Amino acid sequence: MCGIVGYIGKRNAVDVMLQGLSKLEYRGYDSSGIAIVQGSEVLVNKAEGKLVNLQNKIEDLHLESSIGIGHTRWATHGRPSDYNAHPHTSQNGKFAVVHNGIVENYLRLKETYLADEVFTSETDTEVVAHLLEKFYNGSFEETVVKVLDVLEGAYALVMICADESDKIIACRKDSPMVLGIGDGESFIASDVPALLAYTRECMYIEQGELCVLTQDGITIKNHALEVIDKEVHTIEWDAEAAEKDGYEHFMLKEIFEQPTVFKKTIAGRIHGGEVQFDFDLSAEQVNSWNKIYIVACGTAYHAGLVGKAVIEKLARIPVEVEIASEFRYREPMLDEHTLVIVISQSGETADTVAALREAKKNGCKVMAVTNVVGSAIARESDYVIYIWAGPEISVASTKAYTTMLIAEYLLGVYLAQQKGMDNGALRAEILEGLQHLPDIAETMLTDAYLEQIQKAAEGYKDANDIFFIGRGLDWAIALEGSLKLKEISYIHAEAYAAGELKHGTLALVTDETPVIAICVQDATYDKIASNIKEVKAREANVLAIINEGDEETQKFVDETIAIPRIHNFVAPVLAVIPLQLISYYTAKVRGCEIDQPRNLAKSVTVE
Ligand code: M6R
């Protein structure tokens, strides 16, 4: 979703903004723009399309300023265009605003306060700039507070005023932003990668706080404009971790990083055959939960489906998995005997944050499984399990998904162990499997393996529809495989619990609908084998993901890709890797823009 960068200090703000915005491109956008102060004027430049269009547009202008705000826009109100791109200015051109989120009452605000004004865009954001002019009383800070008082919705807002060009003011409600502290300079951005080239010292902004950035530092104030003390954090990520590092795409790099990050997810969490987290749950606490909800979106939701199987099997607590955007609108039955687990790579997904708050409002304890330290979800949850996947830049999630699974295995073992369940032998086997995962995953990513998958992907180049089938845990993986394929290759793909095909969908299967079958789980092998034969009888071409050494399946499918043998229960972590690679190479052979697929954003901060 929209990316924001603001800078004030000794460097040329234009360079800092363009560099920062380029690091936020992964969030997804359709236009970009910057505003600087020159003399007593705010100067704005914007361009539809990629950031390079903006760069080309301003190249010969040799713009310089010590203060500026920049933005990459992901359209919500008004189509992608130069005029809808941010920053937006007030009618007198003195104020400029960039915004992430939605001002829900913007039409009412226009009618109530700005009926006579001329607007130059279709956006909700422009009202904020106009209101700043309307309410201005000689104090930029007081004026911002007055404007915030009438805004409804979600926002991260960063604003400048030509008449008070020694400061940038920023505030947020439900949309993320992080402040960067420099020496004689201050930064603000929607996400950490935009800051990494300049500083590691950062502060996270809480709801309702007003941040005043000057060359001399950053002051945080409350609604009454009283100064608040704020903790300074050090960003641990390597700058290199947010670079492509020789890979053609971030997605491929992140697939290859999996063996390394698996180690990080597991590190320090297994001691003497037991799992430990940063929190400590008593048997009494765990036994008080008679139900668990896992709530998440997209890929994180798919991870939740594996989590359900893992927790139910190991800790024998019933688990329901819910799509976050549905969860709070259907009045789920929540109380203090329910644990709600929210899963989110970014920790900022608006629907998941809303579900978390709904759970807390109803007296539930909330546990977060997330990648981003200091994210809203991490801050607002009672217990946090970090997946330690490092920055995931590609919109299509890969390493975050597999590390979410590992975190869930650890959690399943932990809950069972804290409850004192008598399944110690199974827990030990799972922990052993997890400890072998990094090395085993490493052995998969050979050139020969990639070539084999690349060849299979070429066969999908012209497909219109592809079906993924599996049973049990293999079905959960099938769902993730199909999402990945449609997300980046734009091929229509569906995943089915294989036994369900004959209840309707089999009617669609022909020699023109390739099928990818995941047949890794031993317990359901005979069943999936029959289901494969059903689609083969309808002349579908079948590629099967099998366990190494499975000669049987090779006899009745068109092609196989093997994963190394590992404990069946943890096999989903490996089985999804060929599916990630199939999506990647299919998108590549179709010439798709892999890291930033059309219409999508990395971090979905609007509901
Ligand atoms: O940051 P989150 O994990 O909360 O994001 C949830 C989904 O938006 C995300 O997983 C999305 O489905 C991915 N782009 C899929 O690859």
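Residues numbered from 1 in each chain as written. Predicted model: local features only at pLDDT ≥ 70, side-chain atom pairs only at ≥ 80, totals over all residues. Heavy atoms only, no water.

(A) The arrangement of the sheet that holds strand 1 (residues 3–9) in detail. Strand order in the open sheet made by the eight strands is 3-2-4-1-10-9-11-15, with antiparallel pairing throughout. Single-partner strands in this sheet number two, and they are strand 3 (41–48) and strand 15 (233–234). Where helix 1 (residues 13–23) meets the sheet, its contacts fall on strand 1, strand 2 (31–38), strand 4 (67–73) and strand 10 (185–189), and the angle it forms with strand 4 comes to roughly 25°. This element, helix 2 (residues 51–58), spans strand 2 and strand 3 of the sheet and lies at about 130° to strand 3. (Pairing = 2+ DSSP bridges. Helix = DSSP H or I, 4+ residues; strand = E, 2+ residues; numbered from the N terminus. Contact = heavy atoms within 4.5 Å. Axes fitted to C-alpha atoms, helices over the stretch in contact; angles between N-to-C directions.)

(B) Layout of the site of the ligand. Around the ligand there are 14 residues in total, and S344, Q345, S346, T349 and E487 lie nearest to it. Between T349 and the ligand, the recorded distance is 2.4 Å, taken from a side-chain N or O atom to an oxygen atom. In this structure, an oxygen atom belonging to the ligand sits 2.9 Å away from a main-chain N or O atom of S397. For the ligand, the accessible surface in isolation is 410 Å², of which the surrounding protein chains cover 91%. Listing elements by their share of the shell around the ligand, those giving two or more residues are helix 9 (298–315) and helix 16 (473–489). Both domains that furnish three or more residues to the shell around the ligand are identified here as domain 2 (244–443) and domain 3 (447–589). (Near = heavy atom within 4 Å. Polar contact = N/O pair within 3.5 Å; in protein donor to acceptor, adjacent residues only side chain to side chain. Areas by Shrake-Rupley, 256 points an atom, 1.4 Å probe, with all protein chains shown as cover. Domains from an automatic or database assignment.)

(C) Looking closely at the packing of helix 9 against helix 16. With their axes 9 Å apart at the nearest point, helix 9 and helix 16 run at an angle of 175° to one another. With respect to their mutual orientation, helix 9 and helix 16 come out roughly antiparallel. On the side of helix 9, the interface is formed by G298, T299, H302, L305, V306 and A309, while helix 16 contributes L473, A476, L479, E480, L483 and K484. Split into classes, the residues belonging to the contact of helix 9 with helix 16 amount to seven nonpolar, three polar and two charged. (Parallel < 35°, antiparallel > 145°, perpendicular 65-115°, else oblique. Nonpolar A, V, L, I, M, F, W, Y, C, P; charged D, E, K, R; others polar.)

(D) Structural context of the domain arrangement of the protein chain. Domain boundaries assigned for the protein chain yield domain 1 (3–241), domain 2 (244–443) and domain 3 (447–589). With centres defined by C-alpha atoms, the gap from domain 1 to domain 2 works out at 33 Å. Each partner contributes residues to the interface: domain 1 has 12 residues there, and domain 2 has 11 residues. Linking domain 1 with domain 2 are one salt bridge. With a closest N to O distance of 3.0 Å, R379 and E206 form a salt bridge. Between domain 1 and domain 2 we count two residue pairs in polar contact (both at pLDDT 80 or more) in total. For the side of domain 1 that touches domain 2, the per-class residue count stands at seven nonpolar, one polar and four charged. (Salt bridge = Lys/Arg side-chain N within 4 Å of Asp/Glu carboxyl O.)

(E) Seen up close, unusual backbone geometry. For the bond from H86 to P87, the omega torsion is 0°, close enough to zero to count as cis. Note that P87 resides in the loop between strand 4 and strand 5 (88–89). Despite not being glycine, R316 has its phi angle at roughly 50°, a positive value. On the basis of relative accessibility, which here comes to 59%, the residue R316 falls in the exposed class. A positive phi angle, near 50°, is found at W388, a position not held by glycine. For W388, the location among the structural elements is in the loop between strand 22 (383–386) and helix 13 (399–419). (Buried < 20%, exposed > 50% of the residue type's maximum accessible area, 1.4 Å probe, protein only.)

(F) Inspection of the pairing of strand 1 at higher detail. Most of strand 1 is tucked away, with seven of its seven residues classed as buried. Of the two faces of strand 1, the one holding G3, V5, Y7 and G9 and the one holding I4, G6 and I8 are both buried throughout. Across six bridges, the pairing between strand 1 and strand 4 is antiparallel. The partner of Y7 across the bridge, within strand 4, is G68.

(G) Local environment of the nonpolar core. Counting residues in each nonpolar core, the largest one holds 101 residues, and the members touching the most others are I341, Y409 and L434. With residues up to four places along the chain from it excluded, the contact list for L434 reads I266, I406, Y409, L410 and V570. Among the nonpolar cores identified, the runner-up in size contains 31 residues, and Y26, Y29, L195 and L196 belong to it. (Core = buried A, V, L, I, M, F, W, Y, C linked by side-chain atoms within 4.5 Å.)

(H) Layout of the state of the cysteines. Scanning the entire structure with this criterion turns up zero disulfides. Of all cysteine sulfurs in the structure, the one in C171 sits closest to C211, which takes part in no disulfide; the separation is 7.6 Å. Taking relative accessible area as the criterion, C211 reaches 0% and is therefore assigned buried. (Disulfide = S-S within 2.5 Å.)

(I) Seen up close, the pattern of salt bridges. Within this structure, the stated rule accounts for 24 salt bridges. Linking E257 and K399 is a salt bridge whose minimum nitrogen-to-oxygen distance equals 2.6 Å. With E257 in the loop between helix 6 (250–256) and helix 7 (258–266) and K399 in helix 13, the pair connects residues that are 142 residues apart, well separated along the chain. An identical accessibility class is assigned to E257 and K399; each is buried. Here the residues in one salt-bridge network are K253, E257 and K399, joined through shared partners.

(J) Structural context of the pairing of strand 12 (residues 210–214). Counting buried positions along strand 12 yields four of five residues, so the element is predominantly enclosed. With four bridges joining them, strand 8 (residues 168–173) and strand 12 adopt antiparallel strand pairing. Residue pairing in the sheet places A170 in a bridge with C211 of strand 12. Where strand 12 lies against strand 13 (residues 217–221), five bridges are found, and the strand directions are antiparallel. Pairing of C211 across the sheet is with I220, part of strand 13. Between strand 12 and strand 13, which pair antiparallel one after the other, the connecting turn spans two residues.

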